[in-house]
Every structure is written in C-alpha cells, then in structure tokens.
Amino acid sequence: MKHPDELKREAAAVEDAIIQRYRARTAGSRARHQEALRYLPGGDTRVATFYAPYPSYMAAGAGAWLTDCDGNRYLDMLNNYTSLAHGHAQPAIVEEAAEQLTRGTVFGAAAAEQVALAKLLTARVPGIDLLRFTNSGSESTMMMMRAARAYRGRDIIVKLEGGYHGSHDFVEVSVSPEVSAAAALPQARLEGRGLPAAVLNAVMVAPFNDLAAMEALLQRHHKRIAGIIIEPMPNAGGLLPPAPGYLQGLRALADAYDVLLLFDEVVTLRLAEGGYQEIAGLKPDLTALGKIIGGGFPVAAFGGRADIMSAFDPQGADFLFHSGTFNGNSIGMRAGLTALQRLDAAAIARINRLGERFGAAVNAMFAALGIRAQCLGYGSLQQIHWTDGELLTLRDAARANQDIGKLRELLHLELMNRGVYTVNRGLFCLSTPMQAAELDFALAALAAALERLRPYIRAVAPRLLAE
Ligand SMILES: Cc1ncc(COP(=O)(O)O)c(C=O)c1O
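Residues numbered from 1 in each chain as written. Predicted model: local features only at pLDDT ≥ 70, side-chain atom pairs only at ≥ 80, totals over all residues. Heavy atoms only, no water.

What follows concerns the layout of surface pockets. Approximately 1,600 Å³ is the volume attributed to the largest pocket. Looking at the largest pocket, it is lined by 49 residues, and the ones nearest its centre are A48, Y81, Y164, A236 and R425. Listed by contribution, the elements that provide at least two residues to the lining of the largest pocket are α3 (79-82), α6 (137-152), β12 (381-385), α13 (394-399) and α14 (407-417). Among the residues forming the lining of the largest pocket, the class breakdown is 18 nonpolar, 23 polar and 8 charged. (1 Å grid on protein atoms, 1.4 Å probe; cavity = no way out; pocket = protein on both sides within 12 Å on 5 of 7 lines; lining within 4 Å. Points joined across faces, edges and corners; volume = space filled by probe spheres on them. Helix = DSSP H or I, 4+ residues; strand = E, 2+ residues; numbered from the N terminus. Nonpolar A, V, L, I, M, F, W, Y, C, P; charged D, E, K, R; others polar.)

Here it is as structure tokens:
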C-alpha cells in the first residue's frame, strides 16, 4: 500500500502531464482563445463547446475527421453533439447547398424545398402528420409545448428531472438532478439566475423510468397539466435506456389522464428512420426534431397530430402564432433533404451496429482493466458512466459523476492528445463515414488514456478500481 501523499503526488503528476501535453499541441488555439477573451465572455459563445484550460479551435472537417488550427487531426466522435450524421463536408450535401447558394439562400416566401423536407419527415416519423420548421431544437420544444398548452387549455408541462430540451425558460428547470436530495420525488427548481419564478407555475418534474411517480403526479394535478415532455432515451441525461414498458406506460398514462405526450426526438431521430418512437412502437401526440434534419445547417422542426398542429394554420380562427426569419430557408431544406435521403434504414442500421460493437468493446475494456465503469446507449449513441451499478433514473446517472475529481475532464483532454474528439461527459457519437477501423482507433486511444489515468483514478476515485 502506497502512502496517501505519494498517491496524491502521482495523481498530480498525471494531471499536470496531460494538461502540459494538451498545451504543447495547441499553441494556435491558445493564442486564438486569448484574442477571443476580448470579444466573447470567457472567449465562449456556446457553453457546450467550452472546456479548460481553453478549447481547441477547429479549422476544418472532412468525413469522420477534424483538423484544428495547429494541424492536429481528430476522429470526430462528437459530430456537433450528434447533429452531423454524415460527418463533415459530405460531397452530395456540399453540392446541394452550393447549388442553392448560387440562387439565393432565403426568400421571405414559401418555397418548394420546404414541402419536400416536410414530406419526407412526415412519411418517416409515425407521430407526425403536420409539422413546422424552426432554426433550433430549443425553438421546437418551446413551440411544441405552446401547442400542447393551447390544445389542452392548461398551463403545466411535466418534464423529467435531468431532462434537457434546450435553452428557453420553460425547460431550464431541474436539468441538473439533485444528487444529494433524499426526497423520493424531485422538486421543480429553476436551473439558474435570470429565469422568472413564474416558470415554476407552469412546469413540474418527475423521475425517469418511474411510472408510479408519474401516475401519482398525474392523479393529483392532471386537471392543470397539458402534457408530458420526454426524450425517449435522455441524451444529456446519459443515454440511459428506457426500462422495458416505460414509454408504453407513459403513453397509457397520458391517455388515461387526458394529457398529451410530447417526445423530444431532437437527438434520438438518428437511431431509426422514424426515431425512437418507431423503436418503441408508439405514437406521441407531438414530436420535436432538430440536429440531423438540416444536414449540418441550423434546421429544426416540431410536429404531430393534425388536429393539434392545424392550430397553426394562419387562416384558422384564433390561430397560433409561429414565425421566424430563417424558418424553412432553402439552404437548410435542401441540405437536410439530401442528408436524410442518405440516412436511410440501411445506413442507420450499419452505424447502429458499429455503435453497439463499440459500446460492447468499451465494456469489455473496463472489465479487462479492472475499472468499475460502463458504457450505455443505443446504436450510434454511446456514453461512459463512472459506475458499474444499475442506472435507472437520471439522478442515478448524475450521482456516478460525484467524487471522481477531474477524471472526466482529464480523459477528454487525454483522448484529444491521442487524436479523438469528444466531450467531458464521455459521449461517443458515430457518423456514416466511420468504418470499423475508425472505431478501433478510438478504442485503442481510450484504452491507452485509461491506463495513463490509472494513478489518478487510484488516488482520487479508488472506488472505480477493482484492485
Ligand atoms: C434533446 C434535446 N432537445 C433540444 C435541444 C436543443 O436544441 P438546440 O441546441 O438546437 O436549441 C437539444 C440540444 O442539444 C437536445 O439535446
């Protein structure tokens, strides 16, 4: 047994070496970050792309690979947070977008390209009869929730504790689970300053994978509840799979208590042509889409049952207002259509198989290295969790990140040092240009990074080592 001081010294040496190596490889990024600090708060314009000591500035992408401004190459296993199903600069998408560029980007008018993408999406997604385009997933969940309130004539939407649906006020509630809370039922909490307290009059929260808790909440409050919004497999929550029967149970509860079921499939659409609702074999009343549907451009959508969505018909009496300067812009519509045509059932099945193989290999790696961690997910979306225990709720998943020091941050930087790009939370997202060779590259980098981190884990999170 080593003395605790010696273990601490070893951990500090590993941490220092990883950060120094990162700094040594990224001098150009460091300089750009210094300049950015003068114009952008913290040098940042999207919290999800910031990390310490400073983020790498990416200069170009081609297929599955990224190159930063210092010339380092990375296998891109983030894919702009799951939105680039075909990786970067897919030739057919580039051609479509470029051709449209020569004719104008957006006309402040109706355009046939909108109809073409809407036709494909309504054909694919079981729960969508009619849809409208937006520019972001946040707008889509906001409008979908408004549609539900209008249809039911009630104010409250129930969301999951730990559920992420974008950055508008009515979903910035209990996004970070209360890891220390002893109470069985989570309480709705504003996620940060600047959110009006009035939001809490219109949002309630429930735990994931817990039908009994949802039923108890509906029993008490259903007369004030318009709908339940849920990501069928919560992405930011850690890609925990829904327990068998959970989603079907939610559908039945929504019907029994006369509230609407809203699926946020902004991320999960990539898992099947019809999204997770196709996998689960059910139809939500409303669905939000985003990420992959713009082929790399900012396109999102919300849609659902015709009787609910027809409220947006501008010729209808008392219609619901929905507008947006770049809604349905032709570049995004054409890029999205091309991307989705190439992401057919066969292409999805192939990357899902590769993803499952990757997840199984990561789990085998943890077992072989004696590290008590696990990889969870479905198909082309996989995520590491720092526990080998069962994860049922998003609170469980958040708890696994406690008492591990900077393990997630250091693994992220060390993976970058070894040519793999992802994020602290250990998300691995596949794209169609990937083959088995790319995933073997990522697995080798992960194994080497974990070995490098072993002294750190031993000192800071010994519970993770089966030694
Ligand atoms: C499930 C889910 N819903 C909504 C959003 C918000 O989308 P956007 O960032 O385009 O506003 C995200 C973004 O990551 C998401 O993961």
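Structure shown, so let's carry the discussion forward.
Enumeration over the complete set of coordinates arrives at 19 salt bridges. Salt-bridge contacts for D255 lead to R251; the nearest nitrogen and oxygen are separated by 2.7 Å. In this pair, D255 and R251 both sit in helix α8 (residues 246-256), 4 residues apart, roughly one turn of the helix. With relative accessibility at 51%, the residue D255 sits in the exposed group. Assessed through its relative accessible area of 12%, R251 is described here as buried. Notably, a salt bridge pairs R454 with E451, separated by 3.1 Å at the nearest N-O pair. Here R454 pairs with E451, and both are found in helix α15 (residues 436-460), just 3 residues apart, close to one helical turn. Where salt bridges share partners, they join R251, D255, D285, R305 and D307 into one cluster. (Salt bridge = Lys/Arg side-chain N within 4 Å of Asp/Glu carboxyl O. Buried < 20%, exposed > 50% of the residue type's maximum accessible area, 1.4 Å probe, protein only.)

Bringing the sheet that holds strand β5 (residues 156-160) into the picture now. Spatial strand order, β4-β10-β9-β8-β7-β5-β6: 7 strands in an open sheet with mixed pairing. The open sheet has two edge strands, β4 (130-134) and β6 (203-206), and neither has a second partner. Averaged over neighbouring strand pairs, the angle between their axes works out to 20° when direction is ignored. In terms of strand pairing, β5 meets β6 through 4 bridges, oriented parallel. Bridging from a neighbouring strand, V158 pairs with M204 of β6. Sitting on the sheet, helix α5 (residues 112-124) is in contact with β4 and β9 (286-289), with an inclination near 125° to β4. Lying on the sheet, α8 is in contact with β5, β7 (225-230) and β8 (260-264); it crosses β8 at an angle near 145°. (Pairing = 2+ DSSP bridges. Axes fitted to C-alpha atoms, helices over the stretch in contact; angles between N-to-C directions. Contact = heavy atoms within 4.5 Å.)

Here the focus is the environment of V203. Counting through the fold element by element, V203 comes out in strand β6. Take V203: its relative accessible area is 2%, and that puts it in the buried class. For V203 and D129, which are 74 residues apart along the polypeptide, the C-alpha to C-alpha distance reads 27 Å.

As a further point, take the packing of aromatic side chains. Under the definition given, this model contains 9 aromatic pairs. Between the aromatic rings of Y22 and Y51, the centroid separation amounts to 6.4 Å while the plane-to-plane angle is 65°, which identifies the pairing as edge-to-face. In this pair, Y22 sits in helix α1 (residues 4-25) while Y51 sits in the loop between α2 (27-36) and β1 (58-62), placing the two residues 29 residues apart along the sequence. In this structure Y22 comes out as buried when scored by relative accessible area, which is 0%. Ring centres 5.3 Å apart and planes at 85° place the aromatic pair F208 and Y246 in the edge-to-face group. One end of the pair, F208, is in the loop between β6 and α7 (211-221); the other, Y246, is in helix α8, with 38 residues separating them in the sequence. An aromatic cluster of three or more residues is present, and its members are Y22, Y51 and Y54. Over the ring of F170 we find R149; its NZ or CZ atom is 5.0 Å from the centre of that ring. (Phe/Tyr/Trp six-rings, centres within 6.5 Å; stacked < 30°, edge-to-face > 60°. Lys NZ or Arg CZ within 6 Å of the ring centre and 35° of its normal.)

This paragraph deals with the sheet that holds strand β2 (residues 65-68). The mixed open sheet is built from 4 strands, whose spatial order is β1-β2-β3-β13. Two strands in the sheet have a free side with no partner beyond their single neighbour: β1 and β13 (420-421). Here β1 pairs with β2 via 4 bridges, running antiparallel. Paired with A60 across the strands is T67, a residue of β2.

On to empty space enclosed by the protein. All told, the structure shown has 2 cavities of 30 Å³ or more when counted by the stated rule. Among the elements that line the lining of the largest cavity, the one with the most residues is α14, at 4 residues. Residue composition of the lining of the largest cavity, by class: 5 nonpolar, 4 polar and 2 charged. Considered as a void within the structure, the second largest cavity measures approximately 40 Å³ in volume. Every residue along the wall of the second largest cavity is listed here: R124, L269, A272, E273, I292, L340, L343 and I348.

Around the ligand sit S136, G137, S138, Y164, H165, G166, E231, N235, D264, V266, V267 and K291, and those are all the residues in its vicinity. Within the backbone of G137, an N or O atom sits 2.8 Å from an oxygen atom of the ligand. Within the side chain of S138, one N or O atom sits 2.6 Å away from an oxygen atom of the ligand. Summarising the interface, the protein chains cover 81% of the accessible area of the ligand, which totals 390 Å² for the free molecule. Judged by the proximity of its atoms to the pocket grid, the ligand belongs to the largest pocket. Residue classes in the shell around the ligand are distributed as 3 nonpolar, 6 polar and 3 charged. (Near = heavy atom within 4 Å. Polar contact = N/O pair within 3.5 Å; in protein donor to acceptor, adjacent residues only side chain to side chain. Areas by Shrake-Rupley, 256 points an atom, 1.4 Å probe, with all protein chains shown as cover. Sits in = over half its atoms within 2 Å of the grid points.)

For the rest of this paragraph, the subject is helix α11 (residues 330-342). For α11, built from 13 residues, the straight-helix expectation of 18 Å at 1.5 Å per residue is met to within 8% by its first-to-last C-alpha distance of 18 Å. With 11 of 13 residues buried, α11 lies mostly within the body of the structure. Along α11, the residues classified as buried are S330, I331, G332, M333, R334, A335, G336, L337, T338, A339 and L340. Each element contacted by the buried residues of α11 is listed here: α4 (91-101), α5 and β4. (Expected span 1.5 Å × (residues − 1).)

In helix packing, the relevant descriptors are the interaxial angle and the interaxial distance, both defined with respect to the helix axes. At a minimum axis separation of 11 Å, helix α12 (residues 345-369) and α15 run at an interaxial angle of 25°. When the axes of α12 and α15 are compared, the pair comes out roughly parallel. The interaxial crossing formed by α12 with α15 has right-handed handedness. Every residue of α15 that contacts α12 at L354, R357, F358, A361, V362, M365, F366 and L369 is listed here: A436, L439, D440, A442, L443, L446, A447, L450, E451 and R454. (Parallel < 35°, antiparallel > 145°, perpendicular 65-115°, else oblique. Left-handed = near helix turned anticlockwise from the far one by under 90°.)

Limitation: the analysis is restricted to geometry and does not speak to function.
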